[in-house]
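Below, each chain spelled out in residue letters.
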Amino acid sequence: MSNPGKPFGQTPAGESVTLYTLKNAKGMEVRIMNYGGIIQKILTPDRNGKLEDVVLGFETLQEYIKDTPYFGAIVGRFGNRIANGKFTLDGKEYTLAAQNNGQHLHGGLIGFDKKVWKVEAASAQSLSLSYVSKDMEEGFPGNLSIKMTYTLSEDNEISVAYEATTDKATVLNLSNHSYFNLSGNAKRDILNQEVQIDASRLVAVNKVLIPTGELTPVNGTPFDFTKPHVVGDRINDTSSEQIVLGGGYDHCWALDKPAGSYAKMATVYEPVSGRKMTVSTDQPGVQFYTGNFLDGHLTGKYGVQITKRHGLCLETEHFPDSPNQPNFPSTVLRPGEVYKTKTAYKFSVN
């Protein structure tokens, strides 16, 4: 069954944007646009069966274009930070935008989050999008061809699968930047939600949030989520240097699972609604971010003013600054290789 989608406006350049609704037999809905591959809504039931939206965002395309902290978007060519906006590959130095405190962030000034993707296929429960990033776009080498597929299963899981090839050696680190809030329709902040992450080590950062190169044990620190923990309990623990540097949680955890294996690695639980989200991935890390930079100047869906810690991100990824960190898992993609990765978010109730 094909899914024609609905017109969702135009970019300033006149490109048409379409919003697609995926729906399963249980009534769960996921709305995704081909601008930035953005997940605009995820409607999923609470323990009483009430469908509500569990991601932050806007009602109109214009709001996403005007000002958004990457709500729901695919970030790339390189998600997260690269130190000083520079990296060297095969002896050649490449210079990128350094638009975040002197560091490169999420693909640059016009990253994949701001591109209109081509719709390859759309059905009732699946949407495939593609984009060709030209050689030296935002400073990255190689013509990169990407295909991304969102699939909604009958057991309330939305998966994101990525594939990419290049004609010249490049670096690649794709992620989805959804801000989750399981309270439903963003009615409360995320401080009472419980998070668990299968990671015993943290990618420690410096004052500009670039990795020091150390993977430090989380045991005995506010970063220990190996057992479920309420987000707000330790988020302001100023005895932790890493908490102070991040203004809360804005760090990559090094996952404990074997390299390259696909496994469950995090859960979020909201006790009032009973909603639970389980995250699975084959990536080596996850950036857990608690919306520390949300400052209330944006009004999102449902007329909600989006203030600090109103959403949380679990951005599955390779570690930040990997192109400059030889001890981290490699993010280099070469001609003849296929970049392939998958992450899924499964919703249930307790």
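What counts, and at which threshold
Residues numbered from 1 in each chain as written. Predicted model: local features only at pLDDT ≥ 70, side-chain atom pairs only at ≥ 80, totals over all residues. Heavy atoms only, no water. Helix = DSSP H or I, 4+ residues; strand = E, 2+ residues; numbered from the N terminus. Rg over C-alpha atoms; globule rule 2.2 N^0.38 Å. Contact = heavy atoms within 4.5 Å. Areas by Shrake-Rupley, 256 points an atom, 1.4 Å probe, with all protein chains shown as cover. Lys, Arg positive; Asp, Glu negative; His and termini not counted. Charge placed at Lys NZ, Arg CZ, Asp CG, Glu CD. 1 Å grid on protein atoms, 1.4 Å probe; cavity = no way out; pocket = protein on both sides within 12 Å on 5 of 7 lines; lining within 4 Å. Points joined across faces, edges and corners; volume = space filled by probe spheres on them. Nonpolar A, V, L, I, M, F, W, Y, C, P; charged D, E, K, R; others polar. Pairing = 2+ DSSP bridges. Disulfide = S-S within 2.5 Å. Buried < 20%, exposed > 50% of the residue type's maximum accessible area, 1.4 Å probe, protein only. Phe/Tyr/Trp six-rings, centres within 6.5 Å; stacked < 30°, edge-to-face > 60°. Lys NZ or Arg CZ within 6 Å of the ring centre and 35° of its normal.

Trainee: It is not clear to me how the overall build of the protein chain should be interpreted in this structure. Could you clarify?
Mentor: Of the regular secondary structure elements, the protein chain holds two helices and 29 strands. In summary, the protein chain has a C-alpha radius of gyration of 19 Å against a globular reference of 20 Å for 350 residues, a match within 12%. By its C-alpha atoms, the protein chain is 60 × 50 × 40 Å across when sized along the principal axes. Intrachain contacts of the protein chain at a sequence separation of at least 6 include 66% that bridge at least 24 residues. Carbon and sulfur atoms make up 51% of the accessible area of the protein chain, which totals about 13600 Å². The positive charge centre, built from 35 side chains, and the negative charge centre, built from 37, are 3 Å apart in the protein chain.

Trainee: Can you help me understand empty space enclosed by the protein in this one?
Mentor: Gaps between atoms show up when a probe of the same size as a water molecule is rolled over them. Applying the stated criterion to the full structure yields two cavities of 30 Å³ or more. Approximately 60 Å³ is the volume found for the largest cavity. Lining the largest cavity are 13 residues, and of these V55, L56, A186, K301 and Y302 sit closest to its centre. By residue class, the composition of the lining of the largest cavity is seven nonpolar, four polar and two charged. Estimated volume of the second largest cavity: approximately 40 Å³. Residue lining of the second largest cavity: G76, R77, G107, I110, G111, F112, S133, E137, E138 and F140, and that is the complete set.

Trainee: Quick question: what am I supposed to make of the pairing of strand β9 (residues 92-95) here?
Mentor: Looking down a regular strand, the side chains alternate between one sheet face and the other. Here strand β8 (residues 86-89) runs beside β9; their pairing, made up of four bridges, is antiparallel. Its bridge partner lying in β9, L89 is registered against K92. A loop of two residues connects β8 with β9, the two strands running antiparallel in sequence, and D90 in this loop sits at a positive phi of about 50°.

Trainee: I'm lost on the state of the cysteines in this one. Help?
Mentor: Joining two cysteines, a disulfide is a covalent bond between their sulfur atoms. Inspection of every chain in the model, using the stated rule, returns zero disulfides. As a non-bridged cysteine, C252 has C313 as the owner of its nearest cysteine sulfur, 13 Å distant. The class of C252 is buried, set by a relative accessible area of 2%.

Trainee: Honestly, the packing of aromatic side chains in this entry has me stumped. Any pointers?
Mentor: Aromatic ring pairs are defined here through the distance separating the ring centres and the angle between the ring planes. In this structure the tally under the stated criterion is 20 aromatic pairs. Considering the side-chain rings of F225 and F288, the 5.6 Å spacing of their centres and the 80° angle between planes classify their relative orientation as edge-to-face. Of this pair, F225 sits in the loop between β19 (211-217) and β20 (229-230) while F288 is found in strand β24 (residues 285-289), placing the two residues 63 residues apart along the sequence. Pair check on accessibility: F225 and F288 agree, each one buried. Among the aromatic residues, those joined into a ring-pair cluster are F58, Y64, F71, Y179, Y289 and F293. Lying across the ring of F225, R234 places its NZ or CZ 4.9 Å from the centre. One residue, K342, lies across the ring of Y262, its end atom 5.1 Å from the ring centre.

Trainee: Even after reading the chapter, I still don't get the sheet that holds strand β22 (residues 263-270), so can you show me in this structure?
Mentor: Strands belonging to one sheet form pairs held by backbone hydrogen bonds; the direction of such a pair is parallel or antiparallel. The nine strands are arranged β11-β12-β13-β14-β29-β23-β22-β17-β20 in an open sheet whose pairing can be described as antiparallel. Among the strands making up the open sheet, the edge pair consists of β11 (118-122) and β20. Relative to strand β23 (residues 275-281), β22 is paired through seven bridges, and the arrangement is antiparallel. Of the residues in β23, the one forming a bridge with K264 is S280.

Trainee: Is there a simple way to think about unusual backbone geometry in this case?
Mentor: Leaving glycine out, the prevailing phi sign among residues is negative, and the prevailing peptide bond configuration is trans. A cis amide bond, omega 10°, links G76 with the succeeding residue R77. Mapping R77 onto the fold places it in the loop between β6 (74-75) and β7 (81-82). Despite not being glycine, D90 shows a phi value in the positive range, around 50°. With respect to the helices and strands, the residue D90 is situated in the loop between β8 and β9. Despite not being glycine, N185 has its phi angle at roughly 55°, a positive value. Looking at N185, the relative accessible area reads 22%, which means it is partly exposed.

Trainee: Can you help me understand the layout of surface pockets in this one?
Mentor: The volume enclosed by the largest pocket comes to roughly 550 Å³. Taken together, 30 residues make up the lining of the largest pocket; nearest its centre are P69, Y70, N100, L105 and F293. When its residues are assigned to classes, the lining of the largest pocket shows twelve nonpolar, eleven polar and seven charged. Roughly 200 Å³ of internal volume is contained in the second largest pocket.

Shape is all these values report; function is a separate question.
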